[in-house]
Amino acid sequence: MNSPTGAFFALVRRDVRLAYRRRGEILHPLMFFVVAVSLFVLATDPDPLFLRKIAAASLWVAALFATLLTLDSMFRQDFADDFLAQLLLSPHPAAVLVLAKVFAHWLVSGAPLLIAAPLFAAMLNLPWHACPELLLSLLLGTPAMSLLGALGSALTLAARHSGALLALLVLPLYIPILIFGSGAVRAAISGLDAGGEMAWLGAILLLALALTPAGIVAALRVSLH
Amino acid sequence: MSAPHSSQPKRPVSERTRRHQFGAPAHCYQFAAQWAKWFGGGALLLFLVGAYGGLAVAPADYQMGHSYRILYVHAPAAWMSMFAYAVMAAGAAGGLIWHLKLGDALARACAPVGAAFTVGALVSGALWGKPTWGAYWVWDARLTSELVLLFLFFGYSALANAIEERRTASSAAAILALAGLVNLPIIHYSVEWWNTLHQPASVGKFGKPDIAIQMLIPLLIMFAAFKLYFFAAVLNRMRCELLISERRTKWVRALLHG
Amino acid sequence: MAEFLHMGGYAWYVWSSYGVVTGLLVYHYVSPLCKRRALLRELSAEAAARRDNGGDDDGGDDDGNTKTAARA
């Protein structure tokens, strides 16, 4: 754990192991995703052609809420037992450590959705040829959501009730990701090129990678004060 | 309020830092009152002139008839909602980076006023939409962006009020305001991109070159009125914010006794 | 005059949008004035209560200064 890279991976390993130990936690977003997608179908017309029309929207909204669900716990435990304060005092760059926490969060909450998504895509009558776009859009979009969500999570640490507040802060920031992610899948369904949307998703991810770590560190320092 | 005593030991502070630290809020508190009155009076005057010009003097639009007169409140409100966000972000940056107490007070004061402008723009836009599109709401790109802006104002206010310790709350909300500022252009572009698939003619889109001069002058007057109003309302609100955050300082106590 | 109020059939849209915007502006100008008055009353009452409690008051020397110093 001497180099920043070593610290990064050590922290990722620790967080993933912790999440794995509380086995429920790793499955919650996935189970929520299943339920949410089913609710979408139950709330509308089960006609396969209609389902195909709303498939992109329901998959993306379900993914968004599944991510949101896990945000509050991202720093909460480490905040309570002072691990976070020590982390920020460590000699390694704080941004790297924060990125490690976000990456671990994504491995636990975003990555499982990627594995499950094709299954639900089939249930929603999403055409097979649109699956690569669905997976790529989720691959680019969910890490960006984890990054922005981490910022919201860090900002609400000092608040007493953070559940609805966190959603209120983070959801508006998710709008571009939702629009381009869902737009990419819709374009793919109708056989159009989704390159523009993917480029935007990639740009948003890069921008989030560049800017949010500094913001998250600042937010954590404010909350710890 | 529950803990009026600070437990931290007092440290000797030079006279200069003392003036530097408490001077600004106390001075601002006093000057804000006069400036708010002047700005408020000017805004009222300009508003009356502009409304008269827009409602009575300007001719009816050859396409939209009299309904276009909503422009005179809709456009300034929409423009000022974005201006208010920019000022809020600037104040937030000042409070966060340079620990300016006035910056925090400014940012906190901007949020409700900006939200009011946003609501005004949304309501007047919807009322204009009904005769133009036949529906109050059609997910027009501008109105949708305005709606998202309202969410951002809500988020700022919610965070600023959810954290007990006031400086922590201000700093956290300031970070959120700056994150929103970076995000706003992306949100705006994405909403516009999303909307191109189904584009209704946007409300407030005028044939810009041939807008009649009688139509343009009241609009400019209304813009000026809204801007003056904004400063007046924000100064009034800043005085409240300063009283709350400075409640334990000497100058506030002097104010209460004097 | 009646024709002016009628607004060529758009009376409801024009007048209600002016009404809503004007109402919002007036409210956000007046409410901080009232709030400030209430705040001053509240703070005076607090100060009076502290004075009645006797000498445990730190006499206004805690001017937010200590906090700023501690932050730095």
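Since this is a predicted model, take the numbers as computed values, not measurements.

Helices and strands together make up the secondary structure of chain B, namely 7 helices and 0 strands. Of the regular secondary structure in chain B, the N- to C-terminal order runs α-α-α-α-α-α-α. Relative to its full complement of 258 residues, chain B shows a buried share of 54%. Relative to all contacts within chain B whose residues are 6 or more apart in sequence, the contacts with residues 24 or more apart total 79%. Surface summary for chain B: the accessible area is close to 11500 Å², and the carbon and sulfur share equals 67%.

Residues Phe 75, Ile 177, Ile 216 and Leu 220 of chain A together with Met 88, Phe 226 and Phe 230 of chain B are the most contacted members of the largest nonpolar core, which totals 165 residues. A per-element tally of this core places helix H6 (residues 213-245) of chain B first, with 15 residues. Ile 179 of chain A together with Ala 141, Val 148 and Val 191 of chain B belong to the second-largest nonpolar core, a separate cluster that totals 6 residues.

Turning to the interface of chain B and chain A, a few remarks are in order. Taken together, the 28 residues of chain B in the interface contact 29 residues of chain A. Interface of chain B and chain A: buried area, both sides summed, is about 2300 Å²; carbon and sulfur atoms make up 82% of it. Looking only at chain B, the three residues that lose the most surface to chain A are Ile 175, Ile 186 and Trp 193 of chain B, adding up to 22% of its buried area. At the junction of chain B with chain A, the criterion picks out 1 salt bridge. A salt bridge links Glu 164 of chain B to Arg 160 of chain A, with the nearest nitrogen and oxygen atoms 2.8 Å apart. The tally of links between chain B and chain A comes to 1 residue pair in polar contact (both at pLDDT 80 or more). When residues of the side of chain B that touches chain A are assigned to their parent elements, the largest contribution, 16 residues, is made by helix H5 (residues 166-195) of chain B.

This part covers the packing of helix H2 (residues 71-97) of chain B against H5 of chain B. Residues and elements named next belong to chain B. The geometry of H2 relative to H5 is characterised by a closest axis approach of 8 Å and an angle of 130° between their N-to-C directions. The pairing of H2 with H5 is recorded here as oblique in orientation. As H2 packs across H5, the resulting crossing turns out to be left-handed. Between H2 and H5, the residues in contact are Tyr 85, Met 88, Ala 89, Ala 92, Ala 93, Gly 95 and Leu 96 and Arg 167, Ser 171, Ala 174, Ile 175, Leu 176, Ala 177, Leu 178, Gly 180, Leu 181 and Leu 184, respectively. In the contact of H2 with H5, the residues fall into 13 nonpolar, 3 polar and 1 charged.

This paragraph deals with the side chain of Thr 70 of chain A. Following the sequence through the fold, Thr 70 of chain A ends up in helix H3 (residues 48-71). What Thr 70 of chain A contacts, discounting residues up to four positions off in sequence, is Pro 29, His 105 and Ser 109 of chain A.

This part is about empty space enclosed by the protein. Residues and elements named next belong to chain A. Under the counting rule described, the total for this entry stands at 3 cavities of 30 Å³ or more. Of the pockets and cavities examined, the second largest cavity occupies roughly 40 Å³. Looking at the lining of the second largest cavity, the elements that each hand over two or more residues are helix H5 (83-89) and helix H6 (94-109). Top contributing element to the lining of the second largest cavity by residue count: H6, with 4 residues. Class assignment for the residues of the lining of the second largest cavity results in 8 nonpolar, no polar and 1 charged.

In this model H6 of chain A runs 22 Å from its N-terminal to its C-terminal C-alpha over 16 residues, within 8% of the 22 Å that 1.5 Å per residue would give. Here H6 of chain A has its buried residues at Ala 94, Leu 97, Val 98, Ala 100, Lys 101, Val 102, Ala 104, His 105, Trp 106, Val 108 and Ser 109 of chain A.

Residue and element names in this part refer to chain B. The topology assignment puts Phe 230 in helix H6. Residue classification places Phe 230 among the buried residues on the basis of a relative accessible area of 1%. The sequence separation of Phe 230 and Met 80 amounts to 150 residues, and the corresponding C-alpha distance is 7.8 Å.

With the rule as written, the count across this model stands at 25 aromatic pairs over all chains. Ring centres 6.0 Å apart and planes at 85° place the aromatic pair Phe 117 of chain B and Tyr 229 of chain B in the edge-to-face group. Of this pair, Phe 117 of chain B sits in helix H3 (residues 101-133) while Tyr 229 of chain B sits in helix H6; the two residues are 112 residues apart in sequence, bridging distant segments of the chain. Judged on exposure class, the residue Phe 117 of chain B and its partner Tyr 229 of chain B are both buried. Grouping aromatic residues by their ring pairs yields a cluster made of Trp 35, Phe 39, Phe 47, Trp 79, Phe 83, Phe 117, Phe 226, Tyr 229, Phe 230 and Phe 231 of chain B. The side chain of Arg 14 of chain A reaches across the aromatic face of Phe 83 of chain A, ending 3.8 Å from its centre. Here Lys 227 of chain B stacks its cationic end above the ring of Phe 83 of chain B, 4.1 Å away from the centre of that ring.

Time to look at H2 of chain B. Here H2 of chain B contains 27 residues, and its C-alpha end-to-end distance of 38 Å stays within 8% of the 39 Å for a straight helix at 1.5 Å per residue. In the segment just after H2 of chain B, His 99 of chain B is the residue with positive phi, at about 55°.

Residues and elements named next belong to chain B. Positionally, Leu 228 belongs in helix H6. The partly exposed category is assigned to Leu 228, whose relative accessible area is 23%. The residues contacting Leu 228, other than those within four sequence positions of it, are Phe 39, Gly 42, Ala 43 and Leu 46.

Residue and element names in this part refer to chain A. A contiguous nonpolar patch, built from Val 34, Val 35, Leu 39 and Leu 42 and spanning about 380 Å² of accessible area, is present on the exposed surface. The topology assignment puts Val 35 in helix H2 (residues 23-43). Its relative accessible area of 47% is what places Val 35 among the partly exposed residues.

Definitions and cut-offs
Residues numbered from 1 in each chain as written. Chains lettered and ligands numbered in written order. Predicted model: local features only at pLDDT ≥ 70, side-chain atom pairs only at ≥ 80, totals over all residues. Heavy atoms only, no water. Helix = DSSP H or I, 4+ residues; strand = E, 2+ residues; numbered from the N terminus. Buried < 20%, exposed > 50% of the residue type's maximum accessible area, 1.4 Å probe, protein only. Contact = heavy atoms within 4.5 Å. Areas by Shrake-Rupley, 256 points an atom, 1.4 Å probe, with all protein chains shown as cover. Core = buried A, V, L, I, M, F, W, Y, C linked by side-chain atoms within 4.5 Å. Buried area = accessible area lost by both parts, 1.4 Å probe. Salt bridge = Lys/Arg side-chain N within 4 Å of Asp/Glu carboxyl O. Polar contact = N/O pair within 3.5 Å; in protein donor to acceptor, adjacent residues only side chain to side chain. Axes fitted to C-alpha atoms, helices over the stretch in contact; angles between N-to-C directions. Parallel < 35°, antiparallel > 145°, perpendicular 65-115°, else oblique. Left-handed = near helix turned anticlockwise from the far one by under 90°. Nonpolar A, V, L, I, M, F, W, Y, C, P; charged D, E, K, R; others polar. 1 Å grid on protein atoms, 1.4 Å probe; cavity = no way out; pocket = protein on both sides within 12 Å on 5 of 7 lines; lining within 4 Å. Points joined across faces, edges and corners; volume = space filled by probe spheres on them. Expected span 1.5 Å × (residues − 1). Phe/Tyr/Trp six-rings, centres within 6.5 Å; stacked < 30°, edge-to-face > 60°. Lys NZ or Arg CZ within 6 Å of the ring centre and 35° of its normal. Patch = residues over 30% accessible without salt bridge, like charges linked within 9 Å, V, L, I, M, F, W, Y side chains within 5 Å.

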